[in-house]
2 protein chains.
Amino acid sequence: MDAANDDGSAAIVKRLRDGLVNDWNILENVFRLMQREETFWAQPQQWDEGKIVEFFQPEKLKQLINLTVTEEAQAHSLDEIEQLCQLVIKYSVKTSHGRFHNQLFGQLDPFGLAGALITEALNAGAYTFEVAPVCSLIETEIISSVRKLAGYETGDGIFAPGGSTSNMYGIVLARYKFAPEVKTSGMFGMRPLVMFTSDESHYSFKKAAHWLGLGSENCVAVRTNARGQMRLDDLETKIAEAKARGGQPFFINATAGTTVLGAFDDINGIADVAERHNLWLHVDACLGGAVLMAHKHRSLIAGLERSNSFAWNPHKTCGVPLQCSLFLTRESDKLLDRCNSVEASYLFQQDKFYDVSYDTGNKSVQCGRKIDALKFWLMLKARGYGQYGHLVDHAINVARLLEDKIRSRADRFRLVLDTHEYANVCFWYIPKALRVAPEQETEEWRQRLYTVAPKIKEQMAYSGTLMIGYSPLKSQNLGNFFRMVFTCFPILKDDELDFILDEIERLGENIVI
Amino acid sequence: MDAANDDGSAAIVKRLRDGLVNDWNILENVFRLMQREETFWAQPQQWDEGKIVEFFQPEKLKQLINLTVTEEAQAHSLDEIEQLCQLVIKYSVKTSHGRFHNQLFGQLDPFGLAGALITEALNAGAYTFEVAPVCSLIETEIISSVRKLAGYETGDGIFAPGGSTSNMYGIVLARYKFAPEVKTSGMFGMRPLVMFTSDESHYSFKKAAHWLGLGSENCVAVRTNARGQMRLDDLETKIAEAKARGGQPFFINATAGTTVLGAFDDINGIADVAERHNLWLHVDACLGGAVLMAHKHRSLIAGLERSNSFAWNPHKTCGVPLQCSLFLTRESDKLLDRCNSVEASYLFQQDKFYDVSYDTGNKSVQCGRKIDALKFWLMLKARGYGQYGHLVDHAINVARLLEDKIRSRADRFRLVLDTHEYANVCFWYIPKALRVAPEQETEEWRQRLYTVAPKIKEQMAYSGTLMIGYSPLKSQNLGNFFRMVFTCFPILKDDELDFILDEIERLGENIVI
């Protein structure tokens, strides 16, 4: 007799159970499909043929794929399910196409994707050693290695589901050290706690200030210089102003690799200020942390060892599949643990048969936590930090080379900065109608120039040949320009840079300004 | 000439670039390896042979796998990398073994894992339509379908990296509606905001109260009845007390499926209280939300349609690979968007060439966000809600059947509750030395009984034949007992329940109390 007390239901359950052997064949089918469709990689020779995306407007796309889910199954056979998968792949952006430069991440590292497949198949949660014995140790190993890379002599860390959360860990930990009573009694009745970050820093600090109850007004934007770096004089001014208003400064964020310009704040200079005022120094190195492994460009992040904490996303520059974000702190004495732990007696029993210090869940704000360490670990085992260091250096070198090439097409392209610091290059394309004498480059001309990137972007989407992001820079009152970001993968050759500029010219030829 | 300006570095970069074609073969190799090792599934006939885990203590495990990462690569050939992968799989817990019942999740659904593979290979981020055209629409489709399933006539939602974060979304949204000025000016100087949740609810509410600046003391624990459900009289008392202390109640959490007992709070009763006091009602249905699809047990979650928001983790009961967590709200007027958006002009430009309302990133506290919708969508396309509903009903029926079987072994087993509400069953095993007459079941006897589960758990780990979690229940002053949780997968037959009880008896035979 089956457990289901209703005959119809029991029959359905039995059919589902008996069908599982066949259902599992979907895995082989989908794996083959992904290989056929070049979902995760194509050789450079094929970049000309394979489109990055077959772009359709949302309403049209809804007609091309039946997205609706209902009570009844809509794909009954493995063939039908595979057809659905094929449509999903067909109309998705091929982020691992070598000409996808639209975000802060690029192609995947094959060893990263291999690690991701194992992670998915093992489906472990990262809270306890008992459920994830190997992966817990791997997580600890990565944290300890990155701690040493950063020059922290002591410390602790945790993997978080993205940079926004990693940065929040920094703010929460700083607040806990500054005022541990917040953990129990909250911030009500306190004088405002104030944090400082540059006007070019990531928007997640404002979101965090809201979520954590500080309020966005208490996340003070410090002005940046022309290169996008935090101005130390303005930082001092803003701290003094906050104190004069009755606020309690407790936290400074320095950015190592801003989102748009790729600028690195002067960490040593900011650390001096932080020490003078006894403030926590966090470094948002989500983008630029990759230089920790670099051979030639490591100095960009000089002073990191003086910070109290930092965040780094190897899923950006390094080719680890999303998500892989690390939060590290130099603080010891189990500060991270004391800050975030609450008694969860069903999970973190103290009467276990192994050393419970290997249970990492207490340090986390999450409970069940996806394992993000294995894929990065496999990459590091296969290539070591050293080889990634060369790839990071190469990505930065290529960015400088693109600047050279842009300078040599000065009539058609213009750089936002003469030279950028990291693997970002920001530039305008100047279409024929806007190529005028310098004195004719009026405010009205600039406003027209700022409409060019969005229009070419549209052409890019429909042609599927190239994807590059664009952005304005409000802090410097600049309108839309292209932001090209190089990453460890694809490993580009010089001639690819010519293709990129040629293609922008080709797509920009016929746009109407 | 290569872009790298140093000959040694250039040669390494060239070698890495040329090596990529070969490197990508790792994917095929790892896929084959996972099939050989039965990483993701084994047929029931094989459960007897295949161990769930080869357990070793942490220090020993570190000797079995060289975990260290260094500057130099440590695995140079694809064979060596595959060997590493093999060790990782060998010593990891096979959570998809049919006898892994240690957490709130069990085996994977094959269609879920297939969707996860595609997700990893596509490696898209969920912030904009532009980068994830198909997956953004899929996310919206799932949110809208679950909203209807829940009985919300209007509303919105977002995927979050786990239940703790989904519950935080509820608290932050409730606070924003109660006091929108918190977003800009923070909570300083306010009378304490107070939230209420039962003493059997998940510990993430306390963590959230800390992170969000409310403080754990303002997360008031409401007492539960003997079945683990929130007591309405105590809720009224606690609200009155908070008001008397000068606090501002703003949020009640009802739990649909508590972590240990699987208890469902009386949502309708709590909704009456919430309406009377004008409080936001959130439902933590992370575990129990699966009954939304059930045919026979849907009534467990009656009243959900009256809540303002809820969280549901299909990665628990339903067999979706970690992570898949949904936050839903009944509130319209773009409340979620207004609550969480900040101006991020580099990402959410308003001058795009498509309808930017398809960009979902503004609603999220994250920036780059892993796509968690595709795998669940593929499952629903293949089976529909209806078939999962039968599997959820089956899991609950099986739990009731286990209770029957435990009652029929009354000398050796004892239930914590006569009957549980959901797919959880909590029970003690009574070893021979503790089988005494009722009047001899003293406090000292109970303290000895509470040491049994951890000892059998150790035996389970070393034998690798069965994994079941254990927990105390402090709110009712009960010590360790086994907590067995049934899930949609594995789809168990009756005789498997006998195996489970027999195996506990076998392992418990020789433990020393």
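Fair warning: this is a prediction, and the values are worked out from it, not measured in the lab.

Draft legend 1. Quick look at the overall build of chain A. Of the regular secondary structure elements, chain A holds 16 helices and 12 strands. Compactness check: chain A gives a C-alpha radius of gyration of 25 Å against a globular reference of 24 Å for 513 residues, within 12% of the reference. By its C-alpha atoms, chain A is 90 × 60 × 45 Å across when sized along the principal axes. In chain A, which comprises 513 residues, the share counted as buried stands at 70%. Restricting to contacts in chain A with at least 6 residues of sequence separation, those with at least 24 account for 72%. Accessible surface for chain A amounts to roughly 16400 Å². Of this, 47% is attributable to carbon and sulfur atoms. Between the centroid of the 56 positive side chains of chain A and the centroid of its 65 negative side chains there is a distance of 4 Å.

Draft legend 2. Inspection of the relation of the copies chain B and chain A at higher detail. Overlaying chain B with chain A gives an RMSD of 0.0 Å, the required rotation being 180° about an axis along which the chain moves by 0.0 Å. A rotation of that kind, with that shift, is consistent with a two-fold axis. The overlap is high: 100% of the interface residues of chain B also sit at the interface in chain A, so the same surface is used on both sides.

Draft legend 3. How the structure looks around the sheet that holds strand E8 (residues 325-329) of chain A. All names here are of chain A. If you trace the 7 strands from one edge of the open sheet to the other, you get E2-E8-E7-E6-E5-E3-E4, paired in mixed fashion. Each having just a single partner strand, strand E2 (156-160) and strand E4 (219-222) make up the two edges of the open sheet. When strand polarity is set aside, the average angle formed by the axes of neighbouring strands in this sheet is 20°. By the bridge criterion, 4 bridges tie strand E3 (residues 193-198) to strand E5 (residues 248-255) in an arrangement that is parallel. By the bridge assignment, phenylalanine 196 is partnered in E5 with isoleucine 252. Helix H10 (residues 232-244) contacts E3, E4 and E5 of the sheet and is inclined by roughly 150° relative to E4.

Draft legend 4. Looking closely at the environment of A:Glu49. Residue and element names in this part refer to chain A. Within the secondary structure, glutamate 49 is located in the loop between helix H2 (25-36) and helix H3 (58-64). On the basis of relative accessibility, which here comes to 64%, the residue glutamate 49 falls in the exposed class. Separated by 311 residues in the primary sequence, glutamate 49 and threonine 360 have C-alpha atoms spaced 47 Å apart.

Draft legend 5. Spatial organisation of the sheet that holds strand E5 (residues 248-255) of chain B. Residue and element names in this part refer to chain B. Taken in spatial order, the 7 strands of this open sheet run E2-E8-E7-E6-E5-E3-E4, and their pairing is mixed. Strand pairing shows two members of the sheet lacking a second neighbour, strand E2 (156-160) and strand E4 (219-222), which therefore form its edges. Strand-to-strand twist across the sheet, computed as the mean angle between neighbouring axes with direction ignored, equals 20°. With 5 bridges connecting them, E5 and strand E6 (residues 280-284) associate as parallel partners. Within the sheet, the bridge partner assigned to phenylalanine 251 lies in E6 and is tryptophan 280. In the packing of helix H7 (residues 163-178) onto the sheet, contacts are made with E2, strand E3 (193-198), E5, E6, strand E7 (309-312) and strand E8 (325-329), and the angle to E5 comes to roughly 150°.

Draft legend 6. Geometry of empty space enclosed by the protein. Across all of its chains, the model carries 8 cavities of 30 Å³ or more by this definition. Computed from the structure, the second largest cavity encloses a volume of approximately 330 Å³. Lining the second largest cavity are 31 residues, and of these A:Leu104, A:His202, A:Asn313, A:Lys316 and B:Cys367 lie nearest its centre.

Draft legend 7. Local environment of the interface of chain B and chain A. Taken together, the contacts link 181 residues of chain B with 181 residues of chain A. Where chain B abuts chain A, roughly 16800 Å² becomes buried across the two surfaces, and 66% of that area is made up of carbon and sulfur atoms. At the surface where chain B touches chain A, the tally comes to 6 salt bridges. Between A:Glu130 and B:Lys457 there is a salt bridge whose closest N-O contact spans 2.2 Å. By residue number, the principal contributor to the side of chain B that touches chain A is helix H13 (residues 373-407) of chain B, which donates 17 residues. Class assignment of the residues belonging to the side of chain B that touches chain A gives a composition of 100 nonpolar, 46 polar and 35 charged.

Draft legend 8. Region of interest: the domain arrangement of chain A. All names here are of chain A. We note that the domain assignment places domain 1 (115-383) and domain 2 (387-509) within chain A. Measuring from the centre of the C-alpha atoms in domain 1 to the corresponding centre in domain 2 gives 31 Å. Facing 32 residues of domain 1, the contacting portion of domain 2 comprises 24 residues. Counting each side, the surface lost to burial between domain 1 and domain 2 is near 2500 Å², with a carbon and sulfur contribution of 58%. Of all residues in domain 1, Val260, Leu261 and Arg383 bury the most surface against domain 2, accounting for 27% of the area lost on that side. Where domain 1 meets domain 2, there are 0 salt bridges. The tally of links between domain 1 and domain 2 comes to 16 residue pairs in polar contact (both at pLDDT 80 or more). Classifying every residue of the side of domain 1 that touches domain 2 by side-chain character gives 14 nonpolar, 12 polar and 6 charged.

Draft legend 9. Summary view of helix H1 (residues 7-23) of chain B. If you check H1(B), its first and last C-alpha atoms are 23 Å apart, about what 17 residues at 1.5 Å a residue would give, namely 24 Å. At B:Arg17, H1(B) shows its strongest bend, of approximately 25°. Of the residues making up H1(B), those classed as buried are B:Ser9, B:Ala10, B:Ile12, B:Val13, B:Leu16, B:Arg17, B:Leu20 and B:Asp23. On its buried side, H1(B) packs onto helix H5 (110-122) and helix H13 (373-407) of chain A together with helix H2 (25-36) and helix H4 (78-91) of chain B.

Draft legend 10. Spatial organisation of unusual backbone geometry. Residues and elements named next belong to chain B. In this model, leucine 322 is joined to glutamine 323 through a cis peptide bond whose omega is 0°. With respect to the element layout, glutamine 323 can be found in the loop between E7 and E8. The step from phenylalanine 489 to proline 490 runs through a cis peptide bond, and the omega angle for that step is 0°. Structurally, proline 490 is set in the loop between strand E12 (478-485) and helix H16 (494-508). Residues other than glycine seldom take positive phi values, yet asparagine 278 does so here, at roughly 60°. Note on placement: asparagine 278 falls in the loop between helix H11 (267-277) and E6.

Draft legend 11. Inspection of the packing of aromatic side chains at higher detail. Tallying each qualifying case throughout the model produces 49 aromatic pairs over all chains. Judged by centre distance (6.4 Å) and plane angle (45°), the ring pair of A:Phe55 and B:Tyr354 falls under tilted. With one member in each of two chains, A:Phe55 in the loop between H2 and H3 and B:Tyr354 in the loop between helix H12 (335-340) and H13 form a pair that bridges those chains. For the pair formed by A:Phe55 and B:Tyr354, the shared burial category is buried. It is A:Arg99 that lies over the ring of A:Phe499; its NZ or CZ is 3.5 Å from the centre.

Draft legend 12. Up close: the packing of helix H7 (residues 163-178) of chain A against helix H9 (residues 204-211) of chain A. Residue and element names in this part refer to chain A. Two elements in contact, H7 and H9, have axes separated by 10 Å at closest approach and are oriented at 55°. Taken together, H7 and H9 sit at an angle that is classed as oblique. In the packing of H7 onto H9, the handedness of the crossing is right-handed. For the pair H7 and H9, the contacting residues are Ser164, Asn167, Met168 and Ile171 in the first and Ser204, Phe205, Ala208 and Trp211 in the second. Here the contact of H7 with H9 is composed, by residue class, of 5 nonpolar, 3 polar and no charged.

Draft legend 13. Region of interest: the pairing of strand E10 (residues 424-429) of chain A. Residues and elements named next belong to chain A. The buried fraction of E10 amounts to 6 of the 6 residues, a majority that puts the element mostly inside the structure. Residues Asn424, Cys426 and Trp428 line one face of E10 and the alternating positions Val425, Phe427 and Tyr429 line the opposite face, and both faces are buried. Of the pairings in the sheet, the one linking strand E9 (residues 413-415) to E10 comprises 3 bridges and is antiparallel in character. Residue pairing across strands places leucine 415 opposite phenylalanine 427, the latter belonging to E10. Bridge count between E10 and strand E12 (residues 478-485): 4 bridges; the pairing is antiparallel. Residue pairing in the sheet places cysteine 426 in a bridge with arginine 483 of E12.

Draft legend 14. Inspection of the side chain of B:Thr487 at higher detail. All names here are of chain B. Mapped onto the elements, threonine 487 comes out in the loop between E12 and H16. By relative accessible area, threonine 487 is classed as buried at 6%. In terms of polar contacts, threonine 487 uses its side chain to reach the backbone carbonyl oxygen of phenylalanine 489, at 2.6 Å.

Conventions we followed
For every chain, the first residue of its written sequence is number 1, and the numbers climb from 1 along that sequence. Chains and ligands are labelled sequentially in the order written, the chains with letters from A and the ligands with numbers from 1. Local features in a predicted model are, by the rule used here, given only for residues with pLDDT of at least 70; side-chain atom pairs are given and counted only at 80 or more, and totals for whole chains, interfaces and linings are based on all residues. The basis for the side-chain values is all heavy atoms of the structure; hydrogens and waters are excluded. Runs of H or I in DSSP of at least four residues are treated as helices and runs of E of at least two as strands, each being numbered from the N terminus. Only C-alpha atoms enter the radius of gyration, while the globule expectation follows 2.2 Å times N to the 0.38, with N the number of residues. Throughout this description, buried means an accessible area under 20% of the type-specific maximum (1.4 Å probe, protein chains only), exposed means over 50%, and partly exposed covers the range between. Should any heavy atoms of two residues lie within 4.5 Å, those residues are counted as being in contact. Shrake-Rupley sampling with a 1.4 Å probe provides the accessible areas, and residues are treated as covered by the protein chains on show and by no other component. Note that His is not counted, nor are the chain ends; the positive residues are Lys and Arg, and the negative ones are Asp and Glu. Note on charges: their place is set at NZ of Lys, CZ of Arg, CG of Asp or CD of Glu. When the copies are superposed, the least-squares fit draws on C-alpha atoms of residues that have pLDDT of at least 70 in both. When DSSP finds two or more bridges between a pair of strands, those strands are recorded as paired. Fitted lines through C-alpha atoms give the axes, limited to the stretch in contact for helices. The angle between two N-to-C directions lies from 0 to 180 degrees. In this analysis the probe radius is 1.4 Å and the grid spacing 1 Å, with only protein atoms considered; a cavity is a set of points the probe fits into but cannot get out of, a pocket is an open set with protein on both sides within 12 Å along at least five of seven lines, and lining residues have an atom within 4 Å of a point. Grid points are joined across faces, edges and corners, and a volume is the space filled by probe spheres set on the points. We define buried area as the total accessible area lost by two parts upon association, computed with a 1.4 Å probe and summed across both. Here a salt bridge means any side-chain nitrogen of Lys or Arg lying within 4 Å of a carboxyl oxygen belonging to Asp or Glu. Ten residues, namely Ala, Val, Leu, Ile, Met, Phe, Trp, Tyr, Cys and Pro, are considered nonpolar, four, namely Asp, Glu, Lys and Arg, are considered charged, and the remaining ones, Gly among them, are considered polar. What fixes the domain bounds is an automatic or database domain assignment. In protein, a polar contact means a hydrogen-donor-capable atom and an acceptor-capable atom, both N or O and within 3.5 Å, with residues adjacent in sequence counting only if both atoms are side-chain atoms; elsewhere, any N or O pair within 3.5 Å suffices. Under the convention used throughout, the expected extent of a helix is 1.5 Å for every residue step, that is, one less than its residue count. At every residue, the bend is computed as the angle between two fitted axes, covering the seven residues ending there and the seven beginning there respectively. Two rings belonging to Phe, Tyr or Trp (six-membered ring only in the last case) form a pair when the distance between their centres is within 6.5 Å. Interplanar angles under 30 degrees mark stacking, angles over 60 mark edge-to-face geometry, and anything in between is tilted. Counted as over-ring charges are cases with an Arg CZ or a Lys NZ within 6 Å of the ring centre that also lie within 35 degrees of the ring normal. An angle below 35 degrees is treated as roughly parallel, one above 145 as roughly antiparallel, one from 65 to 115 as roughly perpendicular, and anything else as oblique. It is the rotation of the near helix from the far one that decides the hand of a crossing: anticlockwise by less than a right angle makes it left-handed, clockwise makes it right-handed.

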